Amino acid sequence: IVWNDARSNPSGDIFLQSFNRGTLTRVQSAPVKLNDDKTGTGAFHFMPALRNVDVQGNLNVSWYDRRLSPSTALTDVYAALGVNPRTSSTPGSNTRVTNVSSNWLTANSNIVPNFGDYTDNYIAIAAAKKGSTATMYAAWSDGRISDPQPFAANQVLK
């Protein structure tokens, strides 16, 4: 499972905890932080998405993230790609999914909350001549044009 957790960062970090099938015993002795930016910046990390595993059984988790400008409403989507569900350490790097930050203070909408209430991702496996290729597709609500709209991106996984 993945969630936003405020135990070390009052603005929240993204954590992972895996369990053994059939017994629900913990795989890790403690939850694992997935966002790789420095603790103490005050950056918000929220609304993680986790859908399915890739060919190797690894997880791909995406979430809203304010690490590029922690004291503002500028928001991006980041992802931890290819995370072994049995890991006990933070991934070495995260991938920025968005190519433009959304300023949610200038995105006008009569919908509350105005930025949507989810992100989502899906791993699709396609057969290729030299094996299979996995691609992560991510979807989110984005305010870059001052009006919340759905956006999507994809990234081929190595």
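Check the entry above for the structure.
Scope of this entry: the structure provided in the associated data block. (Residues numbered from 1 in each chain as written. Predicted model: local features only at pLDDT ≥ 70, side-chain atom pairs only at ≥ 80, totals over all residues. Heavy atoms only, no water.)

## Some points on the environment of alanine 73
In plain terms, the rule: Starting at the N terminus, helices and strands are each numbered in turn, a helix being any DSSP run of H or I of at least four residues and a strand any DSSP run of E of at least two. When checking whether two residues touch, look at their non-hydrogen atoms; a contact exists if any pair is within 4.5 Å.
Along the chain, the position of alanine 73 falls in the loop between strand 5 (59–65) and strand 6 (74–83). For the pair formed by alanine 73 and threonine 106, sequence separation is 33 residues and the distance between their alpha carbons is 9.0 Å. Not counting chain neighbours up to four residues away, the residues in contact with alanine 73 comprise Arg66, Ser102, Asn103, Trp104 and Leu105.

## Things to note about the sheet that holds strand 3 (residues 32–33)
Here is the rule: By definition, two strands form a pair when at least two bridges between them are found by DSSP.
Spatially, the 3 strands line up as an open sheet ordered 1-2-3, and their pairing is antiparallel. One side of each edge strand has no neighbouring strand; the edge strands of this open sheet are strand 1 (2–5) and strand 3. Direction of pairing for strand 2 (residues 13–16) relative to strand 3: antiparallel, over a ladder of 2 bridges. Counterpart to leucine 16 in the pairing with strand 3 is valine 32.

## Some details on the packing of aromatic side chains
The condition is simple: Each Phe, Tyr or Trp ring, with Trp reduced to its six-membered ring, pairs with another whose centre is within 6.5 Å; inter-plane angles below 30 degrees give stacked pairs, above 60 give edge-to-face pairs, and intermediate values give tilted ones. Note on exposure labels: buried denotes an accessible area under 20% of the residue type's maximum, exposed denotes more than 50%, and partly exposed covers the range between, all computed with a 1.4 Å probe on protein chains only. Definition used: whenever NZ (Lys) or CZ (Arg) falls within 6 Å of the ring centre and also within 35 degrees of the ring normal, the charge is taken to sit over that ring.
Across all of its chains, the model carries 3 aromatic pairs by this definition. Arranged with centres 6.2 Å apart and planes meeting at 25°, the rings of tryptophan 3 and phenylalanine 15 form a pair that is stacked. Highlighted residues: tryptophan 3 in strand 1 and phenylalanine 15 in strand 2, separated in sequence by 12 residues. We classify phenylalanine 15 as buried; its relative accessible area is 6%. Over the ring of phenylalanine 44 we find arginine 66; its NZ or CZ atom is 5.4 Å from the centre of that ring. Seen from the ring of tyrosine 78, arginine 67 lies directly overhead, with NZ or CZ sitting 4.0 Å from the centre.

Everything listed here is a matter of geometry and, on its own, says nothing about what the molecule does.
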